[in-house]
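Reading the structure
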Amino acid sequence: MRADRLVAALLFLQTRQRVTAAELAAELDVSERTARRDLEALASSGIPVYSQAGQGGGWSLVGGARTDLTGLTAPEIRALFLLTGPDADADPRTRTALRKLVRALPATLREGAETAARAGVSDGTDWTGAETEEVRLGPLQRAVVDAREVRIGYARPGREPRERTVQPLGIAVKSGVRYLVAGTEHGLRTFRIGRVTSVTETGAPAVRPDGFDLPTAWRALAARMEDRMVAATVRGRAAPGTEPVLEGLLGARVRYGERTADGWVPFEADGPSPEVVAARLAGLGARVELLDPPEARTALARIGAELTLLYGPSAPSGSPEGPPRAPGSAVTPPA
(Lines give C-alpha, C1' and ligand atoms only; values in the text may rest on other atoms or scores of the structure.)
Protein backbone atom coordinates (compact mmCIF):
# COMPACT_ATOMS: atom_id res chain seq x y z
CA MET A 1 0.00 0.00 0.00
CA ARG A 2 1.19 3.52 -0.78
CA ALA A 3 0.69 4.69 2.82
CA ASP A 4 3.12 1.99 3.98
CA ARG A 5 5.66 3.11 1.38
CA LEU A 6 5.37 6.75 2.44
CA VAL A 7 6.06 5.83 6.07
CA ALA A 8 8.99 3.66 5.00
CA ALA A 9 10.32 6.51 2.83
CA LEU A 10 10.13 8.94 5.75
CA LEU A 11 11.95 6.54 8.06
CA PHE A 12 14.63 6.05 5.41
CA LEU A 13 15.08 9.81 5.12
CA GLN A 14 15.50 10.05 8.90
CA THR A 15 18.59 7.83 8.77
CA ARG A 16 20.36 9.71 5.93
CA GLN A 17 21.47 13.28 5.43
CA ARG A 18 20.51 13.06 1.76
CA VAL A 19 19.09 10.30 -0.44
CA THR A 20 18.51 9.98 -4.14
CA ALA A 21 15.38 8.65 -5.76
CA ALA A 22 17.43 5.68 -6.99
CA GLU A 23 18.55 4.83 -3.44
CA LEU A 24 15.01 5.05 -2.13
CA ALA A 25 13.75 2.91 -5.02
CA ALA A 26 16.28 0.20 -4.16
CA GLU A 27 15.31 0.35 -0.48
CA LEU A 28 11.57 0.09 -1.15
CA ASP A 29 11.90 -2.30 -4.09
CA VAL A 30 9.96 0.00 -6.44
CA SER A 31 10.78 1.88 -9.62
CA GLU A 32 12.75 5.11 -9.46
CA ARG A 33 9.74 6.93 -10.88
CA THR A 34 7.51 5.62 -8.08
CA ALA A 35 10.10 6.60 -5.48
CA ARG A 36 10.25 10.15 -6.84
CA ARG A 37 6.47 10.40 -6.72
CA ASP A 38 6.47 9.22 -3.09
CA LEU A 39 9.03 11.86 -2.16
CA GLU A 40 6.98 14.54 -3.86
CA ALA A 41 3.88 13.29 -2.02
CA LEU A 42 5.69 13.66 1.30
CA ALA A 43 6.69 17.20 0.46
CA SER A 44 3.18 18.17 -0.65
CA SER A 45 1.67 16.72 2.54
CA GLY A 46 3.57 19.17 4.73
CA ILE A 47 6.57 17.00 5.66
CA PRO A 48 9.68 19.26 5.55
CA VAL A 49 11.27 17.43 2.61
CA TYR A 50 13.16 19.30 -0.07
CA SER A 51 15.16 18.32 -3.15
CA GLN A 52 18.46 19.64 -4.46
CA ALA A 53 19.32 19.18 -8.11
CA GLY A 54 22.72 18.59 -9.67
CA GLN A 55 25.73 16.48 -8.77
CA GLY A 56 25.67 15.47 -5.12
CA GLY A 57 22.04 16.44 -4.85
CA GLY A 58 19.10 14.46 -3.57
CA TRP A 59 16.29 14.63 -1.05
CA SER A 60 16.64 15.69 2.59
CA LEU A 61 14.61 16.57 5.64
CA VAL A 62 14.79 20.30 6.31
CA GLY A 63 17.08 20.99 9.24
CA GLY A 64 17.48 17.27 9.90
CA ALA A 65 13.86 17.10 11.07
CA ARG A 66 12.86 13.91 12.85
CA THR A 67 9.54 12.13 13.24
CA ASP A 68 9.78 9.48 15.98
CA LEU A 69 7.21 6.91 14.88
CA THR A 70 8.27 4.23 17.38
CA GLY A 71 6.97 5.87 20.56
CA LEU A 72 9.53 3.86 22.54
CA THR A 73 11.75 5.07 25.33
CA ALA A 74 15.47 4.23 25.45
CA PRO A 75 15.05 1.55 28.18
CA GLU A 76 12.14 0.00 26.25
CA ILE A 77 14.22 -0.14 23.08
CA ARG A 78 17.15 -1.81 24.85
CA ALA A 79 14.82 -4.35 26.46
CA LEU A 80 13.23 -5.14 23.09
CA PHE A 81 16.55 -5.71 21.35
CA LEU A 82 17.91 -7.78 24.24
CA LEU A 83 14.83 -9.97 23.92
CA THR A 84 14.81 -10.37 20.14
CA GLY A 85 18.45 -9.93 19.24
CA PRO A 86 19.65 -13.51 19.93
CA ASP A 87 16.91 -15.10 17.82
CA ALA A 88 17.65 -12.76 14.91
CA ASP A 89 20.52 -15.03 13.87
CA ALA A 90 18.06 -17.80 13.05
CA ASP A 91 15.00 -16.00 11.68
CA PRO A 92 15.32 -13.84 8.52
CA ARG A 93 11.96 -12.18 9.26
CA THR A 94 13.19 -11.07 12.67
CA ARG A 95 16.41 -9.72 11.16
CA THR A 96 14.41 -7.70 8.65
CA ALA A 97 12.05 -6.34 11.30
CA LEU A 98 14.93 -5.32 13.58
CA ARG A 99 16.77 -3.64 10.72
CA LYS A 100 13.68 -1.58 9.92
CA LEU A 101 13.21 -0.68 13.56
CA VAL A 102 16.82 0.46 13.88
CA ARG A 103 16.33 2.75 10.89
CA ALA A 104 13.21 4.20 12.52
CA LEU A 105 15.05 5.15 15.71
CA PRO A 106 16.53 8.58 16.34
CA ALA A 107 20.33 8.54 16.05
CA THR A 108 20.73 9.04 19.81
CA LEU A 109 18.96 5.73 20.49
CA ARG A 110 20.27 3.71 17.54
CA GLU A 111 23.67 2.81 18.98
CA GLY A 112 22.20 1.46 22.23
CA ALA A 113 19.71 -0.68 20.31
CA GLU A 114 22.38 -2.18 18.08
CA THR A 115 24.59 -2.91 21.10
CA ALA A 116 21.72 -4.65 22.89
CA ALA A 117 21.01 -6.77 19.81
CA ARG A 118 24.61 -8.00 19.87
CA ALA A 119 24.58 -8.74 23.62
CA GLY A 120 23.33 -12.32 23.36
CA VAL A 121 23.31 -15.40 21.21
CA SER A 122 20.84 -18.25 20.83
CA ASP A 123 21.95 -21.75 19.81
CA GLY A 124 19.18 -24.22 19.03
CA THR A 125 21.57 -27.15 18.69
CA ASP A 126 20.77 -29.96 21.14
CA TRP A 127 24.04 -31.53 22.32
CA THR A 128 22.19 -34.73 23.12
CA GLY A 129 21.56 -35.22 19.40
CA ALA A 130 17.79 -35.19 19.88
CA GLU A 131 15.48 -33.15 17.66
CA THR A 132 14.97 -29.71 19.16
CA GLU A 133 11.67 -28.01 19.81
CA GLU A 134 12.54 -25.39 17.17
CA VAL A 135 11.39 -27.80 14.45
CA ARG A 136 7.82 -27.79 15.80
CA LEU A 137 7.72 -24.25 17.12
CA GLY A 138 7.21 -22.55 13.75
CA PRO A 139 4.18 -24.61 12.65
CA LEU A 140 2.59 -24.26 16.07
CA GLN A 141 3.11 -20.49 16.12
CA ARG A 142 1.52 -20.21 12.68
CA ALA A 143 -1.41 -22.34 13.83
CA VAL A 144 -1.95 -20.02 16.80
CA VAL A 145 -1.75 -16.85 14.71
CA ASP A 146 -3.90 -18.24 11.87
CA ALA A 147 -6.37 -19.88 14.30
CA ARG A 148 -6.07 -23.28 12.63
CA GLU A 149 -6.91 -26.59 14.30
CA VAL A 150 -4.01 -29.07 14.30
CA ARG A 151 -3.36 -32.72 15.00
CA ILE A 152 -0.20 -33.22 17.02
CA GLY A 153 1.85 -36.24 17.96
CA TYR A 154 2.86 -36.01 21.61
CA ALA A 155 5.28 -38.27 23.49
CA ARG A 156 5.32 -38.26 27.27
CA PRO A 157 8.54 -39.52 28.91
CA GLY A 158 8.87 -43.27 28.51
CA ARG A 159 5.77 -43.58 26.32
CA GLU A 160 5.08 -43.92 22.63
CA PRO A 161 3.74 -40.82 20.83
CA ARG A 162 -0.03 -40.42 20.67
CA GLU A 163 -1.96 -38.23 18.27
CA ARG A 164 -4.64 -35.82 19.38
CA THR A 165 -6.54 -32.94 17.83
CA VAL A 166 -6.16 -29.60 19.61
CA GLN A 167 -7.16 -25.95 19.25
CA PRO A 168 -3.92 -23.88 19.49
CA LEU A 169 -4.47 -20.79 21.62
CA GLY A 170 -1.00 -19.53 22.56
CA ILE A 171 2.66 -20.21 23.32
CA ALA A 172 3.98 -19.77 26.87
CA VAL A 173 7.59 -19.85 28.06
CA LYS A 174 8.53 -20.90 31.58
CA SER A 175 12.17 -21.11 32.67
CA GLY A 176 13.26 -21.28 29.04
CA VAL A 177 10.87 -24.12 28.17
CA ARG A 178 8.09 -23.47 25.64
CA TYR A 179 4.57 -24.83 26.06
CA LEU A 180 1.60 -24.85 23.73
CA VAL A 181 -1.63 -23.80 25.41
CA ALA A 182 -4.49 -25.48 23.58
CA GLY A 183 -8.12 -26.43 23.89
CA THR A 184 -8.85 -30.17 23.94
CA GLU A 185 -11.84 -32.43 24.47
CA HIS A 186 -10.93 -32.31 28.18
CA GLY A 187 -10.61 -28.51 28.39
CA LEU A 188 -7.49 -26.34 28.37
CA ARG A 189 -4.21 -28.25 28.45
CA THR A 190 -0.49 -27.51 28.09
CA PHE A 191 1.89 -29.43 25.82
CA ARG A 192 5.64 -29.13 26.16
CA ILE A 193 6.74 -28.26 22.62
CA GLY A 194 9.94 -30.28 22.93
CA ARG A 195 7.76 -33.40 23.22
CA VAL A 196 5.64 -32.66 20.15
CA THR A 197 6.64 -35.13 17.43
CA SER A 198 4.44 -33.93 14.55
CA VAL A 199 2.12 -31.06 13.60
CA THR A 200 -0.54 -31.38 10.90
CA GLU A 201 -3.29 -28.87 10.13
CA THR A 202 -6.72 -30.46 9.89
CA GLY A 203 -8.10 -27.74 7.62
CA ALA A 204 -10.65 -26.65 10.22
CA PRO A 205 -10.56 -23.32 12.07
CA ALA A 206 -9.52 -23.40 15.71
CA VAL A 207 -12.26 -22.79 18.26
CA ARG A 208 -11.28 -19.98 20.62
CA PRO A 209 -13.27 -19.75 23.87
CA ASP A 210 -15.20 -16.52 24.39
CA GLY A 211 -13.20 -14.05 26.43
CA PHE A 212 -10.04 -16.18 26.33
CA ASP A 213 -7.01 -14.38 27.77
CA LEU A 214 -3.67 -16.18 27.47
CA PRO A 215 -1.93 -14.72 30.58
CA THR A 216 -4.94 -15.53 32.76
CA ALA A 217 -5.27 -19.04 31.33
CA TRP A 218 -1.55 -19.71 31.74
CA ARG A 219 -1.55 -18.63 35.39
CA ALA A 220 -4.36 -21.08 36.14
CA LEU A 221 -2.68 -23.93 34.23
CA ALA A 222 0.72 -23.22 35.80
CA ALA A 223 -0.80 -23.25 39.28
CA ARG A 224 -2.24 -26.71 38.61
CA MET A 225 1.14 -27.94 37.36
CA GLU A 226 2.89 -26.52 40.40
CA ASP A 227 0.44 -28.30 42.70
CA ARG A 228 1.23 -31.61 40.99
CA MET A 229 4.98 -30.98 41.20
CA VAL A 230 4.89 -30.49 45.00
CA ALA A 231 2.27 -33.08 45.91
CA ALA A 232 4.66 -34.98 48.21
CA THR A 233 7.41 -33.99 50.65
CA VAL A 234 10.39 -36.21 51.47
CA ARG A 235 12.63 -35.66 54.51
CA GLY A 236 16.20 -36.76 54.81
CA ARG A 237 19.75 -35.75 55.62
CA ALA A 238 22.74 -35.07 53.38
CA ALA A 239 26.48 -35.48 53.87
CA PRO A 240 28.69 -32.36 54.01
CA GLY A 241 29.19 -30.78 50.59
CA THR A 242 26.15 -32.45 49.01
CA GLU A 243 23.97 -29.34 48.96
CA PRO A 244 25.04 -28.09 45.48
CA VAL A 245 24.22 -31.50 43.99
CA LEU A 246 20.84 -31.57 45.72
CA GLU A 247 20.04 -28.12 44.38
CA GLY A 248 21.08 -29.20 40.88
CA LEU A 249 18.69 -32.14 41.06
CA LEU A 250 15.77 -30.50 42.85
CA GLY A 251 16.22 -26.76 42.35
CA ALA A 252 14.17 -24.57 44.68
CA ARG A 253 12.18 -27.57 45.92
CA VAL A 254 14.81 -28.44 48.53
CA ARG A 255 15.01 -26.72 51.94
CA TYR A 256 17.64 -27.15 54.64
CA GLY A 257 17.60 -27.25 58.42
CA GLU A 258 20.39 -26.58 60.91
CA ARG A 259 23.57 -28.58 60.31
CA THR A 260 24.17 -31.21 62.99
CA ALA A 261 27.38 -31.80 64.92
CA ASP A 262 28.55 -34.51 62.50
CA GLY A 263 28.37 -32.06 59.58
CA TRP A 264 25.27 -33.59 57.98
CA VAL A 265 22.40 -31.26 57.09
CA PRO A 266 18.70 -32.19 57.35
CA PHE A 267 16.55 -31.29 54.36
CA GLU A 268 13.05 -31.44 52.95
CA ALA A 269 12.35 -31.90 49.24
CA ASP A 270 9.08 -31.63 47.32
CA GLY A 271 8.09 -33.66 44.27
CA PRO A 272 5.18 -35.31 42.47
CA SER A 273 5.50 -38.41 44.66
CA PRO A 274 7.93 -39.94 47.20
CA GLU A 275 8.99 -42.49 44.57
CA VAL A 276 9.94 -39.79 42.05
CA VAL A 277 12.03 -37.87 44.59
CA ALA A 278 13.74 -41.11 45.65
CA ALA A 279 14.57 -41.96 42.03
CA ARG A 280 16.11 -38.51 41.52
CA LEU A 281 18.33 -38.95 44.56
CA ALA A 282 19.27 -42.61 44.04
CA GLY A 283 22.52 -41.72 42.26
CA LEU A 284 23.85 -39.98 45.37
CA GLY A 285 24.20 -43.31 47.14
CA ALA A 286 25.26 -43.07 50.79
CA ARG A 287 25.69 -39.29 50.58
CA VAL A 288 21.94 -38.96 51.22
CA GLU A 289 19.73 -40.83 53.68
CA LEU A 290 15.97 -40.53 53.29
CA LEU A 291 14.11 -40.71 56.58
CA ASP A 292 10.43 -40.51 55.61
CA PRO A 293 7.88 -41.17 54.31
CA PRO A 294 8.33 -44.98 54.23
CA GLU A 295 7.43 -45.07 50.51
CA ALA A 296 10.62 -43.12 49.70
CA ARG A 297 12.81 -45.54 51.64
CA THR A 298 11.07 -48.52 50.04
CA ALA A 299 11.65 -47.06 46.58
CA LEU A 300 15.37 -46.59 47.26
CA ALA A 301 15.66 -50.13 48.64
CA ARG A 302 13.98 -51.45 45.49
CA ILE A 303 16.32 -49.49 43.23
CA GLY A 304 19.32 -50.69 45.24
CA ALA A 305 18.19 -54.32 44.95
CA GLU A 306 17.86 -54.00 41.17
CA LEU A 307 21.31 -52.46 40.85
CA THR A 308 22.81 -55.19 43.03
CA LEU A 309 21.24 -57.89 40.87
CA LEU A 310 22.52 -56.20 37.74
CA TYR A 311 26.01 -55.16 38.85
CA GLY A 312 26.82 -57.25 41.97
CA PRO A 313 29.64 -59.84 42.08
CA SER A 314 27.28 -62.71 41.23
CA ALA A 315 25.42 -60.84 38.49
CA PRO A 316 25.56 -62.44 34.99
CA SER A 317 27.42 -60.30 32.44
CA GLY A 318 25.77 -59.35 29.16
CA SER A 319 22.69 -61.53 29.63
CA PRO A 320 20.71 -61.69 26.35
CA GLU A 321 17.50 -61.76 28.36
CA GLY A 322 18.19 -58.27 29.63
CA PRO A 323 18.89 -57.08 33.17
CA PRO A 324 17.43 -59.12 36.03
CA ARG A 325 14.72 -57.63 38.17
CA ALA A 326 14.20 -57.79 41.88
CA PRO A 327 10.90 -59.52 42.71
CA GLY A 328 8.02 -57.07 42.34
CA SER A 329 10.36 -54.24 41.42
CA ALA A 330 9.70 -51.35 39.12
CA VAL A 331 11.96 -48.32 39.10
CA THR A 332 10.01 -45.10 38.99
CA PRO A 333 11.65 -42.83 36.38
CA PRO A 334 12.52 -39.28 37.36
CA ALA A 335 9.96 -36.66 36.36
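Quick caveat, the model's predicted, so the values are computed rather than measured.

The sheet built from 5 strands is open, its strands ordered 6-5-4-3-7 with antiparallel pairing. Looking at strand neighbours, the two that pair on one side only are strand 6 (187-192) and strand 7 (196-205), the edges of this open sheet. Neighbour to neighbour, the strand axes of the sheet diverge by 45° on average, direction disregarded. In this sheet, strand 4 (residues 162-174) lies alongside strand 3 (residues 148-154) in antiparallel orientation, the contact comprising 5 bridges. Within strand 4, the position partnered with Gly 153 by the bridge is Glu 163.

Glancing now at the sheet that holds strand 11 (residues 288-292). Strand order in the open sheet formed by 4 strands is 9-10-8-11, with antiparallel pairing between adjacent strands. Edge positions in the open sheet fall to strand 9 (254-256) and strand 11, since each of these has one partner strand only. Along the sheet, successive strands turn relative to each other by an average axial angle of 30°, direction set aside. Here strand 8 (residues 232-238) pairs with strand 10 (residues 265-271) via 7 bridges, running antiparallel.

Summarising burial for strand 5 (residues 177-184): 8 of the 8 residues are buried, a large majority. With burial as the criterion, each face of strand 5 is covered, one bearing Val 177, Tyr 179, Val 181 and Gly 183 and the other bearing Arg 178, Leu 180, Ala 182 and Thr 184. Bridge analysis of strand 4 against strand 5 gives 7 bridges, and the strand direction is antiparallel. Counterpart to Pro 168 in the pairing with strand 5 is Ala 182. Counting the residues in the hairpin turn of strand 4 and strand 5 gives 2 residues, including Ser 175, whose phi is positive at 55°. Where strand 5 and strand 6 come together, 6 bridges link them in antiparallel fashion. If you follow Val 181 over to strand 6, its bridge partner there is Thr 190.

A separate point is helix 8 (residues 214-229). Between its first and last C-alpha atoms helix 8 spans 22 Å; for 16 residues at 1.5 Å apiece the expected length is 22 Å, and the two agree. Within the sequence span of helix 8, burial applies to Ala 217, Trp 218, Leu 221, Ala 222 and Met 225. Projected down its long axis, helix 8 carries its buried residues within an arc of 125°, all on one side. Set apart from the buried face of helix 8 by more than 90 degrees, the exposed residues are Arg 219 and Asp 227. Here the buried face of helix 8 lies against strand 4, strand 5 and strand 6.

To continue, consider the pattern of salt bridges. Considering all chains together, one arrives at 13 salt bridges under this definition. The shortest N-O distance in the salt bridge between Arg 151 and Glu 163 comes to 3.1 Å. Placement of the pair is Arg 151 in strand 3 and Glu 163 in strand 4, with a sequence separation of 12 residues. Its relative accessible area of 33% is what places Arg 151 among the partly exposed residues. Glu 243 is the partner of Arg 259 in a salt bridge, and the nearest nitrogen-oxygen pair spans 2.3 Å. Pair noted here: Arg 259 is in the loop between strand 9 and strand 10 and Glu 243 is in helix 9 (residues 243-250), with a separation of 16 residues, a long-range link. Exposure remark for Arg 259: the relative accessible area of 45% places this residue in the partly exposed category.

Procedures and definitions
Residues numbered from 1 in each chain as written. Predicted model: local features only at pLDDT ≥ 70, side-chain atom pairs only at ≥ 80, totals over all residues. Heavy atoms only, no water. Pairing = 2+ DSSP bridges. Helix = DSSP H or I, 4+ residues; strand = E, 2+ residues; numbered from the N terminus. Axes fitted to C-alpha atoms, helices over the stretch in contact; angles between N-to-C directions. Buried < 20%, exposed > 50% of the residue type's maximum accessible area, 1.4 Å probe, protein only. Expected span 1.5 Å × (residues − 1). Arc of directions from axis to C-beta. Contact = heavy atoms within 4.5 Å. Salt bridge = Lys/Arg side-chain N within 4 Å of Asp/Glu carboxyl O.

Read these as geometric descriptors, not functional statements.
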